[in-house]
Structures are given as C-alpha cells and as structure tokens.
Amino acid sequence: PDRISFMSKVHQGVREDGQLVIMDWLGQQTEHGPPVSERIPALSAMDEIDKTGFHDVATRSNLLPEMWIMVAQNVPQDPVP
C-alpha cells in the first residue's frame, strides 16, 4: 500500500550507476491485463519514483501496445564538501 516506502527500499538495493526498469499496464482499459482499478498510471508512478532517490526518471508508452516502461537511474550523489 505504501509504494514510496517500498521503492525507497528498492533504491537501497540498486547499485550505484544502476538502473531500475519497470513495466506496467497502461492506465486505461486494454484487451489484456488487470482491471483498470488495479493499474498505476505512468505519471503517478513517475512522480512516486522521483521521490525515492532515483534520478532521470523517464517513461515510454509507445514501445509496447498495452504497457508503459519506466527507467530510473541510481546516480551517485556528489559528497557535500
């Protein structure tokens, strides 16, 4: 139920310079997949992932006919001087 906390834990497990790739169903009714009420819209997921420490979050919805793909980078942070 708390996707931001969950994805923050995922972020801790992704190595520096690593990527997180997520695929999910589009947020509208399609021929396949779960009911729309169980789908997470790409923009909502993107906003949530952006709050968890990942950077350069981007989504594509034109690669697969019924799904979106998100890629998020685990960019190492520069140490504070």
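Scroll up for the structure.
None of the values given here were measured: they were computed from a predicted structure. (Residues numbered from 1 in each chain as written. Predicted model: local features only at pLDDT ≥ 70, side-chain atom pairs only at ≥ 80, totals over all residues. Heavy atoms only, no water.)

A. Region of interest: the overall build of the protein chain. Looking only at helices and strands, one finds two helices and three strands in the protein chain. Secondary structure elements of the protein chain occur, N-terminal to C-terminal, as α-β-α-β-β. Along the first, second and third principal axes, the C-alpha set of the protein chain runs to 55 × 25 × 15 Å. Out of the 81 residues belonging to the protein chain, those deemed buried represent 30%. In the protein chain, 54% of the contacts between residues at least 6 apart in sequence involve partners at least 24 apart. Approximately 5700 Å² of the protein chain is accessible, and the part contributed by carbon and sulfur atoms is 54%. (Helix = DSSP H or I, 4+ residues; strand = E, 2+ residues; numbered from the N terminus. Buried < 20%, exposed > 50% of the residue type's maximum accessible area, 1.4 Å probe, protein only. Contact = heavy atoms within 4.5 Å. Areas by Shrake-Rupley, 256 points an atom, 1.4 Å probe, with all protein chains shown as cover.)

B. Seen up close, the pairing of strand β2 (residues 55-64). As paired strands, β2 and strand β3 (residues 67-73) are joined by five bridges and run antiparallel to one another. Paired with L64 across the bridge in β3 is M67. If you look at the hairpin formed by β2 and β3, you'll find two residues sitting between the two strands. (Pairing = 2+ DSSP bridges.)

C. Geometry of the pattern of salt bridges. All told, the structure shown has one salt bridge when counted by the stated rule. Among the ionic pairs, E48 bridges to R3, the shortest N-O distance being 2.8 Å. Taken together, the residues span a long stretch of sequence, with E48 in helix α2 (residues 42-50) and R3 in helix α1 (residues 3-13) at a distance of 45 residues. In this structure R3 comes out as partly exposed when scored by relative accessible area, which is 39%. (Salt bridge = Lys/Arg side-chain N within 4 Å of Asp/Glu carboxyl O.)

D. Here's a closer look at α2. A42, A45, E48 and I49 are the residues of α2 that are buried. Along the long axis of α2, the arc covered by the buried residues comes to 130°, so they all point the same way. Of the residues in α2, the exposed ones pointing more than 90 degrees away from the buried face are L43 and D50. Buried positions along α2 lie against α1, β1 (19-25), β2 and β3. (Arc of directions from axis to C-beta.)

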